[in-house]
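Chain by chain, the residues run as shown.
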Amino acid sequence: MPDERNDPARATVLQTLCELEQTLQRGGAHAPEADIDALLEATFREIGASGRQYTRESALTVLRERYGARSTRTADGEISELRCEALAKDVFLLTYLLKEPGRSTRRASLWRRHGTQWKILYHQGTPLRGHDGDD
């Protein structure tokens, strides 16, 4: 299977999904509430780095609380080790490492393309111990 480096179409998908992930992380002025709401599939589920499970509605509540108190979330996180795998027609798995002050997490998101619009189906964060200062 070709990787992003030599498959222009897959590289475009990777870039788009990376931008959408950053939109969800930063919120605020970077992503009006309607935009974030439109990104989450009706059946969206998340398992956070804490192990807590979220439905679409509970995730939206957390995002509203997180971004309501400030215009943008600080962009202290650094994304690396990006990979994009096509799992089925218009369904992609995006994985990456997110390094934030005090912790690093492996992230995985399932995205589905509906025509020209993308929606996230599932997201999971797994903390890394002993990585960049984590216990």
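Below is a summary of the structure that appears in this document. Note on numbering: residues in each chain are counted from 1, in written sequence order. A pLDDT threshold of at least 70 governs which residues receive local features in this predicted model, and a stricter bar of 80 or more applies before side-chain atom pairs are shown or counted, although totals over entire chains, interfaces and linings include all residues. With hydrogens and water stripped out, all remaining heavy atoms of the structure feed into the side-chain values.

Overview of the overall build of the chain
- A run of DSSP states H or I qualifies as a helix once it reaches four residues; a run of E qualifies as a strand once it reaches two. Both are numbered from the N-terminal end. When helices and strands are counted, the chain shows three helices and six strands.
- Along the chain, helices (α) and strands (β) appear in the sequence α-α-β-β-α-β-β-β-β when read from the amino end.
- When accessible area is computed with a 1.4 Å probe and restricted to protein chains, residues below 20% of their type maximum are described as buried, those above 50% as exposed, and intermediate ones as partly exposed. Per-residue burial for the chain yields a buried fraction of 39% across its 135 residues.

Some words on the pairing of strand β1 (residues 40-47)
- A pair of strands is labelled paired if DSSP reports no fewer than 2 bridges between them. Direction of pairing for β1 relative to strand β6 (residues 117-127): parallel, over a ladder of four bridges. Counted as the bridge partner of R45 is Y122 from β6.
- As judged from the three bridges shared by β1 and strand β2 (residues 53-55), these two strands associate in the antiparallel manner. Within β2, the position partnered with I47 by the bridge is Q53.
- What sits between the antiparallel neighbours β1 and β2 is a turn of five residues, in which G51 has the positive phi angle 95 degrees.

Here we look at the pattern of salt bridges
- We define a salt bridge as a contact between a side-chain nitrogen of Lys or Arg and a carboxyl oxygen of Asp or Glu at a distance within 4 Å. The final tally for this structure, using the stated rule, is nine salt bridges.
- Between R10 and E85 there is a salt bridge, with the nearest N and O atoms lying 3.7 Å from each other. One end of the pair, R10, is in helix α1 (residues 8-26); the other, E85, is in strand β3 (residues 78-88), with 75 residues separating them in the sequence.
- The buried category is assigned to R10, whose relative accessible area is 7%.

Considering the pairing of strand β4 (residues 91-100)
- Judged by how many residues are buried, β4 sits mostly within the fold: seven of 10 residues are covered.
- Between the antiparallel neighbours β3 and β4 lie two residues, among them D90 with a positive phi of about 65 degrees.
- Here β4 pairs with strand β5 (residues 103-114) via 10 bridges, running antiparallel. In the strand pairing of β5, L97 is matched with R106.
- Counting the residues that bridge the hairpin from β4 to β5 gives two residues, and of these G102 lies at a positive phi of roughly 90 degrees.

Focus: the sheet that holds β1
- Read from one edge of the open sheet, six strands run β2-β1-β6-β5-β4-β3, paired in mixed fashion. Edge positions in the sheet fall to β2 and β3, since each of these pairs with one other strand and no more. Pairs of neighbouring strands in the sheet enclose a mean axial angle of 15 degrees, with direction left out of account.
- Strands in contact with α1 are β1, β3, β4, β5 and β6; relative to β3, the strand with the most contacts, it is inclined by about 120 degrees. Lines fitted to the C-alpha atoms define the axes, with helices restricted to the stretch that makes contact. Angles between their N-to-C directions range from 0 to 180 degrees. For this analysis, residues touch if any pair of their heavy atoms sits within 4.5 Å.

Side note on the nonpolar core
- Here the nonpolar core consists of buried residues drawn from Ala, Val, Leu, Ile, Met, Phe, Trp, Tyr and Cys, with membership extended through side-chain atoms lying within 4.5 Å. In this structure, L17, L24, I36, L40, W111 and W118 are the most contacted members of the largest nonpolar core, which totals 23 residues.
- In terms of residues, this core owes the most to one element, α1, which gives five residues.
- In contact with L17, not counting residues within four places along its chain, are C84, F92, L94, W111 and W118.

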